[in-house]
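Next come the chains, spelled out residue by residue.
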Amino acid sequence: HPGVTSGPNSVPQAMVARSTDGGVTFAAPVDVDPFSHVTLDVNGTPHTLVMYFPIVAAGHGVVEAIGYPIEITGMPAQQLIAARSTDQGQTWTVSAVGVPAKQIYWPVAAWSPKGGPDGTFLVAYQGAVNQQQGEASILFERSTDGGVSWSPTVRLDDDQVPLATQFTPQIGVAPNGRVDVVWYDFRLQHGFAPDLYYTHSSDDGATWRDRKSTRLN
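So, here's what we can say about the structure. (Residues numbered from 1 in each chain as written. Predicted model: local features only at pLDDT ≥ 70, side-chain atom pairs only at ≥ 80, totals over all residues. Heavy atoms only, no water.)

Quick notes on the overall build of the protein chain
When helices and strands are tallied, the protein chain shows 0 helices and 16 strands. When contacts within the protein chain are restricted to residue pairs at least 6 apart in sequence, those whose partners lie at least 24 apart make up 45%. Counting every atom, the protein chain has about 10700 Å² of accessible surface; 54% of that belongs to carbon and sulfur. (Helix = DSSP H or I, 4+ residues; strand = E, 2+ residues; numbered from the N terminus. Contact = heavy atoms within 4.5 Å. Areas by Shrake-Rupley, 256 points an atom, 1.4 Å probe, with all protein chains shown as cover.)

Right, dumping it as structure tokens:
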């Protein structure tokens, strides 16, 4: 169970608690952030990146906590933060994954038993690859080796509208390996009333429906 704790004058902490009895009780939470050695140079000063609002997925003996980095004033484009544990969340290996982008928010993660001997971890999130304020796309990465390495970033939305925003993706995995991703989309610019768009993959995220997204509403 992931979460973020904070208090007066404190930096939010990415906490993960584990249960070995089906969620009846939980062990003391573990702070993922001290395991991070991912740094980013901000105006000549190196900063260790820590994650915000972690999302957890698990499969084949591996737990992945995925979160977006806490922004620092003047920070350049950054990457999604992924933490990997092979001991049920007691210790973590933290890495930065995906293409550098601005406004990285709201990751969602899932695991599929398909796609290889270790299954497939799948992550979708929003990010401004072009690094312009007010612009964001739905981005996707996957791992077929238990989170050791990740695929190149794939953009799931296909709009060509300048400064259009896609946000808050959700992901679902079917038993046959089909992956569905849905999100809110401002490409048709109905004021503050976004549309709902969708795309899917039939091979655990290796390819995506000819890179076309479909309006649902």
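Once you've had a look at it, read on.
Re the packing of aromatic side chains
Here the structure, examined in full by the defined rule, presents 10 aromatic pairs. Ring centres of Y52 and F53 lie 4.5 Å apart, and the angle between their planes is 65 degrees; this geometry places the pair in the edge-to-face category. Classification of F53 as partly exposed rests on a relative accessible area of 39%. Plain terms: the ring middles of F167 and F186 are 5.5 Å apart, the flat faces sit at 20 degrees to each other, and that makes the pair stacked. Residue F167 is found in strand β13 (residues 166–173), and its partner F186 is found in the loop between β14 (179–185) and β15 (195–201); the two are separated by 19 residues along the sequence. What links up through ring pairs into an aromatic cluster is the set Y52, F53, Y68, Y105 and W106. In this structure, R187 packs its charged tip against the face of Y197, placed 3.9 Å from the ring centre. (Phe/Tyr/Trp six-rings, centres within 6.5 Å; stacked < 30°, edge-to-face > 60°. Buried < 20%, exposed > 50% of the residue type's maximum accessible area, 1.4 Å probe, protein only. Lys NZ or Arg CZ within 6 Å of the ring centre and 35° of its normal.)

Some words on unusual backbone geometry
Although it is not a glycine, Q103 sits at a positive phi angle of roughly 50 degrees. Take Q103: it is sitting in strand β9 (residues 93–112). A residue is classified by how much of its surface remains accessible, and Q103, at 17% relative accessible area, is buried.

A look at the pairing of strand β7 (residues 62–69)
Within β7, 8 of the 8 residues are buried, leaving the element largely enclosed by the surrounding structure. As paired elements, strand β6 (residues 51–59) and β7 share 7 bridges and run antiparallel to each other. If you follow A58 over to β7, its bridge partner there is V63. As defined by bridge partners, β7 adjoins strand β8 (residues 78–85) across 5 bridges and the pair is classed as antiparallel. Counted as the bridge partner of A65 is A83 from β8. (Pairing = 2+ DSSP bridges.)

Points about the pattern of salt bridges
Applying the stated criterion across every chain yields a total of 5 salt bridges. The residue D157 makes a salt bridge to R155 at a minimum N-O spacing of 2.8 Å. Given a relative accessible area of 3%, D157 falls into the buried group. Measuring nitrogen to oxygen at the nearest pair gives 2.9 Å for the salt bridge that ties R187 to D185. Pair check on accessibility: R187 and D185 agree, each one buried. The structure contains a network of salt bridges with shared partners spanning R155, D157 and D159. (Salt bridge = Lys/Arg side-chain N within 4 Å of Asp/Glu carboxyl O.)

Things to note about the sheet that holds β14
Pairing within the open sheet is antiparallel, and its 4 strands lie in the order β13-β14-β15-β16. Single-partner strands in this sheet number two, and they are β13 and β16 (214–215). Strand direction decides the pairing type here: β14 and β15, joined by 7 bridges, are antiparallel. Bridging from a neighbouring strand, V182 pairs with Y198 of β15.

Overview of the pairing of strand β10 (residues 120–128)
Counting buried positions over the 9 residues of β10 gives 9, a clear majority of the element. With burial as the criterion, each face of β10 is covered, one bearing T120, L122, A124, Q126 and A128 and the other bearing F121, V123, Y125 and G127. Where β9 meets β10, 7 bridges bridge the pair, whose relative direction is antiparallel. Among the inter-strand pairings, Y105 is bridged to a residue of β10, identified as Q126.

Things to note about the sheet that holds β10
What the 7 strands build is an open sheet, ordered β6-β7-β8-β9-β10-β11-β12; its pairing is antiparallel. Bordering the open sheet on either side are β6 and β12 (154–155), each of which pairs with just one other strand. Across 7 bridges, β10 lies against strand β11 (residues 137–143) in antiparallel orientation. Within β11, the position partnered with G127 by the bridge is S137.

Bear in mind that shape data such as this cannot, by itself, settle questions of function.
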